[in-house]
There are 2 protein chains.
Amino acid sequence: MNGAQALIRTLADAGVDTCFANPGTSEMHFVAALDSVGEMRSVLGLFEGVVTGAADGYARMADRPAATLLHLGSGLGNGLANLHNARRAYSPMINIVGDHATYHARYDAPLQSDIDTVARNCSTWIARPKTAGAVARAGAEAVLAASTPPGGVATLVLPADASWGEGAEPAAPLPIPSARPIDDTIVDQVAKALTSGERTVVLVGGSGHRDAGLRASNRLITATGATVLGETFPARLQRGAGVPALDRLQYLAEFAARQLEGARHLVLAGTKSPASFFAYPDKASDLVPAGCAVHVLAEPGQDAVAALEAVADLVAAGTEPVPAPPARPDRPRGDLTAERVAQALGALMPDDTVVVDEANTSGLWAPAATAGCPPHDWLTLTGGAIGIGLPLATGAAIGSGGRPVICLEADGSAMYTFQALWTQARERLDVTTIVFNNSSYAVLNLELARVGAGEPGPKALDMLDLTRPDLDFVALAQGCGVPARRATTGEEMAAALEDALAEPGPHLIEAVVPRAV
Amino acid sequence: MNGAQALIRTLADAGVDTCFANPGTSEMHFVAALDSVGEMRSVLGLFEGVVTGAADGYARMADRPAATLLHLGSGLGNGLANLHNARRAYSPMINIVGDHATYHARYDAPLQSDIDTVARNCSTWIARPKTAGAVARAGAEAVLAASTPPGGVATLVLPADASWGEGAEPAAPLPIPSARPIDDTIVDQVAKALTSGERTVVLVGGSGHRDAGLRASNRLITATGATVLGETFPARLQRGAGVPALDRLQYLAEFAARQLEGARHLVLAGTKSPASFFAYPDKASDLVPAGCAVHVLAEPGQDAVAALEAVADLVAAGTEPVPAPPARPDRPRGDLTAERVAQALGALMPDDTVVVDEANTSGLWAPAATAGCPPHDWLTLTGGAIGIGLPLATGAAIGSGGRPVICLEADGSAMYTFQALWTQARERLDVTTIVFNNSSYAVLNLELARVGAGEPGPKALDMLDLTRPDLDFVALAQGCGVPARRATTGEEMAAALEDALAEPGPHLIEAVVPRAV
């Protein structure tokens, strides 16, 4: 078999059975080899940002990596923003980046560029097997690198001659290590802080946003009165009726500072020390209050859940977690607002939904409106690089094995990777996209005021404005083969959502909400 | 004034008066500063690939750099594919990449990533001024770096605190050097080759594709019988009735090899030695025939036109260039094909048109059909990273000062940067986009056969197929605010083109042509 066949066989044997692809000529042997491995599913994206965002969504739901197939340095570049988000989500992922044949590099052909330097931006592991015989082993190592806790992006640069060369053999899967254990000393130290009577805030990340982690966190709150907060932008947060609720650290530094105010102890359970998302003139970047001791209970890659459980067993023995009560808002009525979209979502969200949230300012009301909905997962924009929502929803639909996906999407962000809708249609995925059309980069209107750049002039305001012309998301969706309709009232919104959820396959609803600023 | 104001003033003083922008929070002071410099025009793109491709198109037509405004490493990543193309076009361009404040970097906030490593992929010059006082000087140096022949991408990473810091002053423009002179010895050597009676091929690049270069090249052909070829993918080729014609080196290595067959001398005038675009098993990458001497008359960055003129004065004194005769095909009739689209173009192309050609396989007939049209410019995909056409056309319309632009666009390529249409609508640009919808990545069907990967199976073929669902380019264009219609016959195509050209502002025509393979 050739290098490409050995690689795909190796990936499949290691449990990587989905490949999101946007190939070019140098990947043609890999493409041809897809048919040699029955269990490998290949999903075409019309743009590389769709491919990488989908692989991220897949990983967040399946808890194992998908592969991507990308075309040289420029293909990797097009995928880079969502690879950045995946890196911040600690999503396992294996990029296969085709390159020219090794002997072709010296000619500096038009598509030649320094792939490795681009890969370094987002990858925890990079390899470039030079022969067909070395490809499969590199593939097995890529799965190991991607899957080693906390998870990361592994990039395998595949020269065309290593792909087409014969005499290759598959490589056996390599054992994946578990999350690194935590230290008993720190468990005792954290238990002491929690029972000190001094204000203690626990910030959880990663696996702490799920099942066991949420239960342990909740016991800490009940037993000690501690504040426990999830990350501002969790990769995947489980929530809903019956699941212990976890508040999140706020995005705006002013509000986050208030959540942390007066804390004498900050415990980090699988996450980093909190900092402002952006820097602002004359405002602190570091959110840790003065005089607050920081205790690293678990770093990313350590077993945060075991750590939280160990602490809970010390300070909250006998305390049971308190599940969130069921509750749904009424269906909305009257002129549509972002809040009423959230109300419709809360009223109608089906069991076991996966919510992808890239609604930015328009999404403000959605978490509260859905807190008592049936249990669901909430996926967010982890790295701040907008344009992940539609791809993430695409991959989440596949990675979750067919759970309903609802994507809350901002108008500005939607326009980065709109092509994802086509893949949703092709793969007949049950994704309902709600685009909040407020005709603006609303978050930038907010930020322009916050950075203190003075009264904006007409040219500045023009850079935040999405009118002239108005975007027509219904037409855009239909262009990609996705049925779509527009809602301008709460009643229309609820009806559109109900219909979309009832009919298999993807749908889009353009929610026309008041113009920002 | 603050760093951002000083930078924009400096850019404008150096003749950089257009900024293609897709900003985020860290660029808000730059955005606010736009209004402080009256002559700076700022053009919003909804995706960074639109921004960088437009800056490339601007530079190719205006012969001076535009600025881009990008948001950290992920924004630069989204722009990278078209920056790669710009690098291959030697287009001058100045990227302003906003970054976190210098003191914020240590917190590794979500959007933090290694910007410089991404910039290295495409930039000839990178700087990161750390204070407001250093920004303007870096801006002047960026203009110098971008404009120094042959031209390149200069990337200025602008930390937010350097942007908002006060006490900055503009910097004076730095003198831009001319193209490096050529060596008399090589002129004599090339003249000798051309008059040796041995087959000599001259390959011209860069400025050799324009006016004076074309005239000098044409004199060589007439006087010596030499073959003179332009690059396969020139950044900007002048052509049409009254302009001496220049054949181009073919894309497919088999055909290119035939053009070069039997050559004993290959003269490079402002371009690199020819190599196959991709590597193929058992085929040579190097296109220089065995036993052929290569003479570097001018490297990129040297004065290729002066070199060609010096040679022509030696071997073709008294020979006048032969202009291409005027000719237009008849308007097409019958079921639409790619050839008939070319016929409509040839029949109707207005004076002084700029043609942007990313039609790939469907564009095969367009050059011949337009060879005798009124003088026009032909812009191509220089770096092989598809997704440049619509952005390039956007920038070319602005950089050419309002000349009519016709963009020949492949369906697959169109889907990478479709958002450019919105910018065309907002700026009311006279761009007519013709999308060849053949429901396929046709070039990959061709390449899949050529790489010898065997008979493709259903999964492989699925990766090259753009049906299920069919893309509706009329709906997509309307979604971006651009009037559009569909043509399925030659008559409809000609009528649609005629109407689009007669009405100001952007238009799109979906040309439905037979499905490839």
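I will try to describe carefully the structure that is included in this document. Being a predicted model, the structure only gives us computed values, none of them experimental. (Residues numbered from 1 in each chain as written. Chains lettered and ligands numbered in written order. Predicted model: local features only at pLDDT ≥ 70, side-chain atom pairs only at ≥ 80, totals over all residues. Heavy atoms only, no water.)

1. What to know about the overall build of chain A
So, step 1. Helices and strands together make up the secondary structure of chain A, namely 20 helices and 18 strands.
So, step 2. In terms of overall dimensions, chain A is globule-like: its C-alpha atoms have a radius of gyration of 24 Å, near the 24 Å expected for 517 residues.
So, step 3. Counting only C-alpha atoms, chain A reaches 65 × 60 × 45 Å along its principal axes.
So, step 4. Sorting the 517 residues of chain A into buried and exposed places 66% on the buried side.
So, step 5. Summarising the internal contacts of chain A: among those between residues at least 6 apart in sequence, 80% fall at separations of at least 24.
So, step 6. Accessible surface for chain A amounts to roughly 16,400 Å². Of this, 52% is attributable to carbon and sulfur atoms. (Helix = DSSP H or I, 4+ residues; strand = E, 2+ residues; numbered from the N terminus. Rg over C-alpha atoms; globule rule 2.2 N^0.38 Å. Buried < 20%, exposed > 50% of the residue type's maximum accessible area, 1.4 Å probe, protein only. Contact = heavy atoms within 4.5 Å. Areas by Shrake-Rupley, 256 points an atom, 1.4 Å probe, with all protein chains shown as cover.)

2. Here's the deal with the sheet that holds strand β11 (residues 265-269) of chain A
Residues and elements named next belong to chain A.
So, step 1. An order of β10-β8-β7-β11-β12 is seen for the 5 strands of this open sheet, with the pairing classed as parallel. Single-partner strands in this sheet number two, and they are β10 (247-248) and β12 (293-298).
So, step 2. Here strand β7 (residues 200-204) pairs with strand β8 (residues 227-230) via 4 bridges, running parallel. Considered in β8, the bridge of Leu203 is made with Leu229.
So, step 3. Strands β7, β11 and β12 of the sheet are contacted by helix α8 (residues 184-194), whose axis makes an angle of about 130 degrees with β12. (Pairing = 2+ DSSP bridges. Axes fitted to C-alpha atoms, helices over the stretch in contact; angles between N-to-C directions.)

3. Topic: the interface of chain A and chain B
So, step 1. If you look at the interface, chain A gives 100 residues, while chain B gives 100 residues.
So, step 2. Overall, the association of chain A and chain B removes approximately 8,100 Å² of surface from exposure, summing both partners, and the carbon and sulfur fraction of that is 62%.
So, step 3. The interface formed by chain A and chain B contains 8 salt bridges.
So, step 4. One salt bridge in this structure joins Arg426 of chain A and Asp462 of chain B, with 3.3 Å as the shortest N-O distance.
So, step 5. Along the contact surface separating chain A from chain B lie 55 residue pairs in polar contact (both at pLDDT 80 or more).
So, step 6. The greatest single-element share of the side of chain A that touches chain B, amounting to 10 residues, is contributed by helix α4 (residues 72-89) of chain A.
So, step 7. Residues belonging to the side of chain A that touches chain B are distributed by class as follows: 50 nonpolar, 32 polar and 18 charged. (Buried area = accessible area lost by both parts, 1.4 Å probe. Salt bridge = Lys/Arg side-chain N within 4 Å of Asp/Glu carboxyl O. Polar contact = N/O pair within 3.5 Å; in protein donor to acceptor, adjacent residues only side chain to side chain. Nonpolar A, V, L, I, M, F, W, Y, C, P; charged D, E, K, R; others polar.)

4. Focus on the pattern of salt bridges
So, step 1. Tallying each qualifying case throughout the model produces 56 salt bridges over all chains.
So, step 2. The partner of Arg88 of chain A in a salt bridge is Asp108 of chain B, with the nearest N and O atoms 2.7 Å apart. Here Asp108 of chain B lies in the loop between β4 (93-99) and α5 (115-120) and Arg88 of chain A lies in helix α4, a pairing that spans two chains.
So, step 3. In this structure, the salt-bridge partner of Asp99 of chain B is Arg128 of chain B, at a minimum N-O distance of 2.7 Å. On the criterion of sequence distance, the pair formed by Asp99 of chain B in strand β4 and Arg128 of chain B in the loop between β5 (125-127) and α6 (132-147) is long-range, its members being 29 residues apart.
So, step 4. On the accessibility criterion, Arg128 of chain B (27% relative accessible area) is partly exposed.
So, step 5. One network of salt bridges, with partners in common, ties together Asp63, Arg210, Arg236, Asp352, Asp377 and Arg403 of chain A.

5. Observations regarding the sheet that holds strand β1 (residues 18-21) of chain A
Residue and element names in this part refer to chain A.
So, step 1. The 6 strands are arranged β2-β1-β3-β4-β6-β5 in an open sheet whose pairing can be described as parallel. The open sheet has two free edges, formed respectively by β2 (41-44) and β5 (125-127), since each of these has just one partner strand. Each strand axis lies, on average, 20 degrees off the axis of its neighbour in the sheet, ignoring direction.
So, step 2. In this sheet, strand β6 (residues 153-159) lies alongside strand β4 (residues 93-99) in parallel orientation, the contact comprising 7 bridges. Residue pairing in the sheet places Ile96 in a bridge with Leu156 of β6.
So, step 3. Strand contacts of helix α6 (residues 132-147): β4, β5 and β6, with the helix running at about 165 degrees to β6, the strand carrying the most contacts.

6. Looking at helix α20 (residues 490-502) of chain A
All names here are of chain A.
So, step 1. Across its 13 residues, α20 extends 18 Å between first and last C-alpha, which sits within 8% of the 18 Å expected from 1.5 Å per residue.
So, step 2. Of all the positions in α20, only Gly490, Met493, Ala494, Ala496, Leu497 and Ala500 are classed as buried. All buried residues of α20 lie within an arc of 165 degrees about the axis, which places them on one face of the element.
So, step 3. Of the surrounding elements, those touching the buried residues of α20 are α12 (338-348), β16 (431-437), β17 (484-487) and β18 (507-512). (Expected span 1.5 Å × (residues − 1). Arc of directions from axis to C-beta.)

7. Thoughts on the environment of Asp335 of chain A
So, step 1. By the secondary structure assignment, Asp335 of chain A is in the loop between α11 (304-315) and α12.
So, step 2. If sequence neighbours within four positions are ignored, Asp335 of chain A has contacts with Arg340, Thr488, Thr489 and Gly490 of chain A.

8. With respect to the relation of the copies chain A and chain B
So, step 1. Between chain A and chain B, which share one sequence, the superposing operator has a rotation angle of 180 degrees and an axial displacement of 0.0 Å; the RMSD is 0.0 Å. Expressed as an axis order, the relation between the two copies is that of a two-fold axis.
So, step 2. Taken together, the interface assignments show that 100% of the residues at the interface of chain A recur at the interface of chain B, consistent with an identical surface on both copies. (Least-squares fit on C-alpha atoms with pLDDT ≥ 70 in both.)

9. Observations concerning helix α11 (residues 304-315) of chain B
Spacing of three or four residues puts side chains on the same side of an α-helix, whose turn is 3.6 residues.
Residue and element names in this part refer to chain B.
So, step 1. For α11, which comprises 12 residues, the first-to-last C-alpha distance of 16 Å matches the rise-based estimate of 16 Å (1.5 Å per residue) to within 8%.
So, step 2. Every buried residue of α11 is accounted for by Ala304, Val305, Ala307, Leu308, Val311, Ala312 and Val315. Considered in projection along α11, the buried side chains sweep an arc of 160 degrees and stay on one side of the axis.

10. Considerations on the pairing of β2 of chain A
Residues and elements named next belong to chain A.
So, step 1. Summarising the sheet, β1 and β2 pair through 4 bridges and their orientation is parallel. Bridging across to β2, Thr18 finds its partner in Arg41.
So, step 2. In this fold, β1 hands off to helix α2 (residues 28-33), which returns the chain to β2; that crossover is right-handed. (Right-handed = clockwise from strand over helix to strand, strands pointing away.)

11. As for the nonpolar core
In globular proteins that are soluble, nonpolar side chains generally tend to be buried together.
So, step 1. Within the largest apolar cluster, 212 residues are counted, with the highest numbers of intra-cluster contacts made by Phe30 and Phe418 of chain A together with Phe30 and Phe418 of chain B.
So, step 2. When sequence neighbours within four positions are dropped, the list of residues in contact with Phe30 of chain B reads Ala4, Leu7, Ile8, Cys19, Leu69, Ile96, Leu158 and Ser163 of chain B. (Core = buried A, V, L, I, M, F, W, Y, C linked by side-chain atoms within 4.5 Å.)

12. A look at the packing of aromatic side chains
So, step 1. One pass over the full model with this rule turns up 15 aromatic pairs over all chains.
So, step 2. Between Phe233 of chain A and Phe277 of chain A, the aromatic rings sit 5.7 Å apart at their centres with planes inclined by 75 degrees, giving edge-to-face as the arrangement. On the criterion of sequence distance, the pair formed by Phe233 of chain A in the loop between β8 and β9 (237-239) and Phe277 of chain A in the loop between β11 and β12 is long-range, its members being 44 residues apart.
So, step 3. Residue class for Phe233 of chain A comes out partly exposed when judged on its relative accessible area of 24%.
So, step 4. By relative accessible area, Phe277 of chain A is classed as buried at 10%.
So, step 5. Measuring from centroid to centroid gives 5.9 Å for Tyr416 of chain A and Phe47 of chain B, while their planes differ by 80 degrees, and the two rings are edge-to-face. Remark: Phe47 of chain B occurs in the loop between β2 (41-44) and α3 (48-62) and Tyr416 of chain A occurs in the loop between α15 (411-414) and α16 (420-426); the pair is interchain, linking two chains. (Phe/Tyr/Trp six-rings, centres within 6.5 Å; stacked < 30°, edge-to-face > 60°.)

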